[in-house]
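In case you want the letters, here they are:
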Amino acid sequence: VRSDTETSTTANTKKVTARSGGVWIAVLIAVTGSTYINRYVGSAVVENWSTIFLSLTLQALPFLVLGVVVSAAISSLVPPTVLARIVPKRPVLAIPAAGIAGALLPGCVCSSVPVAGRLISRGVPQAAALTFLLAAPAINPVVIVATAVAFPNRPELVVARFVASLATAIVVGTIWSRFASPEWLQSRLRTHAEKSHGHAFVEVAASDFVQAGGFLVLGAMLVATMQTVIPQGILQRVGGHGIVSVLTLALLAVVLSICSEADAFVAAGLTQFSMVSRLTFLVVGPMVDLKLIALQVGAFGRRFTLRFAPLTFATCILVSLLVGWVLL
Amino acid sequence: MGAAVKDGDRTDILITVGALALFTGLTDLILRYLRPGMRPLLVLAGACLVVIGAIGAVLDSRKDDHTHADHRPSRVGWLLLAPVVVWLLFSPGALGSYAVSQRPPFQVTDVDFDLAEHIRTHSFQGQAPDLQVFEFVTAAFDKKQRHLLETTTVRLSGFITHFNHDSDRVYIGRLRIGCCAGDAISATVELQGKGEELSDDTWVEVAGNLDRKATQAVADWESPVMHVQRLRRIPPPAEPYEYTR
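Conventions we followed
Residues numbered from 1 in each chain as written. Chains lettered and ligands numbered in written order. Predicted model: local features only at pLDDT ≥ 70, side-chain atom pairs only at ≥ 80, totals over all residues. Heavy atoms only, no water. Helix = DSSP H or I, 4+ residues; strand = E, 2+ residues; numbered from the N terminus. Buried < 20%, exposed > 50% of the residue type's maximum accessible area, 1.4 Å probe, protein only. Contact = heavy atoms within 4.5 Å. Areas by Shrake-Rupley, 256 points an atom, 1.4 Å probe, with all protein chains shown as cover. Pairing = 2+ DSSP bridges. Axes fitted to C-alpha atoms, helices over the stretch in contact; angles between N-to-C directions. 1 Å grid on protein atoms, 1.4 Å probe; cavity = no way out; pocket = protein on both sides within 12 Å on 5 of 7 lines; lining within 4 Å. Points joined across faces, edges and corners; volume = space filled by probe spheres on them. Nonpolar A, V, L, I, M, F, W, Y, C, P; charged D, E, K, R; others polar. pLDDT = per-residue confidence, 0-100. Core = buried A, V, L, I, M, F, W, Y, C linked by side-chain atoms within 4.5 Å. Parallel < 35°, antiparallel > 145°, perpendicular 65-115°, else oblique.

### Overview of the overall build of chain B
Phase 1: Looking only at helices and strands, one finds 9 helices and 5 strands in chain B.
Phase 2: Reading the secondary structure of chain B in the N-to-C direction produces α-α-α-α-α-α-α-α-β-β-β-β-α-β.
Phase 3: In terms of principal-axis extent, the alpha carbons of chain B reach across some 80 × 40 × 30 Å.
Phase 4: Among the 245 residues that make up chain B, the fraction classed as buried is 55%.
Phase 5: Across chain B, contacts joining residues at least 24 apart in sequence account for 73% of those joining residues at least 6 apart.
Phase 6: Accessible surface, chain B: about 10,500 Å² in total, of which carbon and sulfur atoms supply 53%.

### Description of the sheet that holds strand β2 (residues 170-176) of chain B
Strand pairing within a sheet occurs via backbone hydrogen bonds; the two strands may be parallel or antiparallel.
Residue and element names in this part refer to chain B.
Phase 1: One closed barrel accounts for 5 strands, arranged β1-β2-β3-β5-β4; its pairing is mixed. The mean inter-strand angle of the sheet, taken between neighbouring strand axes irrespective of direction, is 55 degrees.
Phase 2: Where β2 and strand β3 (residues 185-192) come together, 7 bridges link them in antiparallel fashion. The residue of β3 that forms the bridge with Ile 172 is Val 189.

### Comments concerning empty space enclosed by the protein
Residue and element names in this part refer to chain A.
Phase 1: Summed over the entire model, instances satisfying the criterion amount to 6 cavities of 30 Å³ or more.
Phase 2: Of the pockets and cavities examined, the second largest cavity occupies roughly 100 Å³.
Phase 3: Taken together, 14 residues line the second largest cavity, and the ones lying closest to its centre are Cys 108, Val 109, Cys 259, Ser 260 and Glu 261.
Phase 4: Class assignment for the residues of the lining of the second largest cavity results in 6 nonpolar, 5 polar and 3 charged.

### Overview of the side chain of Ser 207 of chain A
Phase 1: Mapped onto the fold, Ser 207 of chain A is located in helix α11 (residues 197-229).
Phase 2: For Ser 207 of chain A, a relative accessible area of 15% translates into the label buried.
Phase 3: Dropping the residues within four chain positions of it, Ser 207 of chain A is found in contact with Arg 190 of chain A together with Arg 10 of chain B.

### Considerations on the confidence of the model for chain B
Phase 1: When the pLDDT values of chain B are averaged, the result is 87; 91% of them are 70 or greater.
Phase 2: Here the predicted complex carries an ipTM of 0.92, next to a pTM of 0.88.

### Some details on the nonpolar core
Phase 1: Ranked by size, the top nonpolar core spans 166 residues in total, and within it Phe 151, Phe 209 and Phe 281 of chain A together with Phe 136, Leu 149 and Met 226 of chain B carry the most contacts.
Phase 2: When residues of this core are assigned to their parent elements, the largest contribution, 13 residues, is made by helix α4 (residues 44-77) of chain A.
Phase 3: Setting aside chain neighbours within four positions, we find Phe 136 of chain B in contact with Leu 131, Leu 149, Val 154, Leu 156, Val 189, Leu 210, Pro 224 and Met 226 of chain B.

### A look at unusual backbone geometry
Phase 1: With a phi close to 50 degrees, Ser 257 of chain A is a non-glycine residue in the positive phi region.
Phase 2: Relative to the helices and strands, Ser 257 of chain A resides in the loop between α13 (242-256) and α14 (263-269).
Phase 3: Even without glycine at this site, Gln 125 of chain B takes up a positive phi of about 50 degrees.
Phase 4: Along the chain, Gln 125 of chain B turns up in the loop between α6 (115-121) and α7 (133-140).
Phase 5: For Gln 125 of chain B, a relative accessible area of 73% translates into the label exposed.

### Side note on the packing of α11 of chain A against helix α1 (residues 7-26) of chain B
Phase 1: Remark: α11 of chain A packs on α1 of chain B, axes separated minimally by 10 Å, with the N-to-C direction vectors making an angle of 75 degrees. Taken together, the axis directions place α11 of chain A and α1 of chain B in an arrangement best described as roughly perpendicular. Listed contacts from α1 of chain B to Glu 203, Ala 206, Ser 207, Phe 209 and Val 210 of chain A of α11 of chain A are Arg 10, Leu 14 and Val 17 of chain B.
Phase 2: Looking at the contact of α11 of chain A with α1 of chain B, its residues break down into 5 nonpolar, 1 polar and 2 charged.

### Observations concerning the pairing of strand β5 (residues 225-233) of chain B
Phase 1: With 3 bridges joining them, β3 of chain B and β5 of chain B adopt parallel strand pairing. Its bridge partner lying in β5 of chain B, Leu 191 of chain B is registered against Met 226 of chain B.

Next up, the structure:
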């Protein structure tokens, strides 16, 4: 297969390096269209969708660039053997270590996906890298402080969020290391050819950004659509307690895809709901949401995401129920 | 656009997206979409993209026929142009009345706000004290503070919204964001006495006091009621959202 690809790539060299000019066509169409569209399509729905879509994309952009740059740096500057040496071999040690590493490094979903993908391609055990992927956006110091600010008189919720998120990341990592088949994960990130470090860095960063960024935009489109069409106000009246409220808020966390630094403020406003269901909202959000699912499909493929996202979602709910029952 | 993203397109995409990030970050456009604190990060990200794109373009132009076996051009990268296209087409403003109608109204939680202290520690240049709409709602549903809000004239600024079009009630609304407009939460105060004729998303400044009787009649997930003494139209502010003080 490999030699096949090589032959065809060499044959198509001219084509691969060329540009199709799609960017300029798109910009030209948009500029021309803009003079007509504002006159005829001035709808509040379209504007609301566009604002949310642009906000989500622009907000994620710096974190995605950071993730891609760190990932490209690992790929082109860190020798492959170094990582294999520092990461513990046994999953029993590697998975909790990855969870705690995630807790210490302020990350965002958008940075941790490319970084985790790169760690895997550099020989870090899948389960450990995935534990890091789940833990980094969920329980870093910035998120913990934001949660404490949003719930000033509820320190036990802050503790519960930390404990439940770390536990979920470790449980999912452990289950994955026992039962997952390594072929489910098909890394779509670029590995570089043997070149100078600088060349490799730019190649890998540009390629990964376009791949991951495309999926990020897809995720932002879905989220903007959900936020625009779902009247969240009715939730206040659904409200209530029990398992229905837990599942409602778990699903809401998935479709709203609010970034983990701000979700506590939204949860604080959902006063009709029980504390356990709000805890579930805070645990699910950073680990399973539309934006993250899109990024995972982009980095690891569909077969992986179809198994990993439901596993994480179910674990989040069970662990939140358990932790909530003990701590809240 | 069914075609795969070629290397040359890739560098074009990086530069175009980077330029959008730079433009947004360097102008007040950012205030429609993100918390102002994101400005340096967005500018830095935009600059990185433009630089990586430019270096990539130079490398591409010098490329010999040795390319990579693992190169898998994909189509999804074209989607990165969507933000640029959407911005050029609609140039959407900040969230307003429509978003308020889609979101649950702000509920008084444990958020700290002390009206008496706010009045004591700020100078209002001889005018009535100005509050955030969120602060008004907080004080209005706080048993200890509602009396002060009933007896003090305060100023609020926000946009007009009617959110249930089945009633003739009019509200002043405002959105508060944490990171970006995607996480906005809304607060509204019902206006009594003025403003009925105004249409959604008109920016106004109102001065008035809490109508305690009317407010006690509503559930605490609804909007408190303000008895309006003065109302004037204002231009939309550069910072359309409220942030935690």
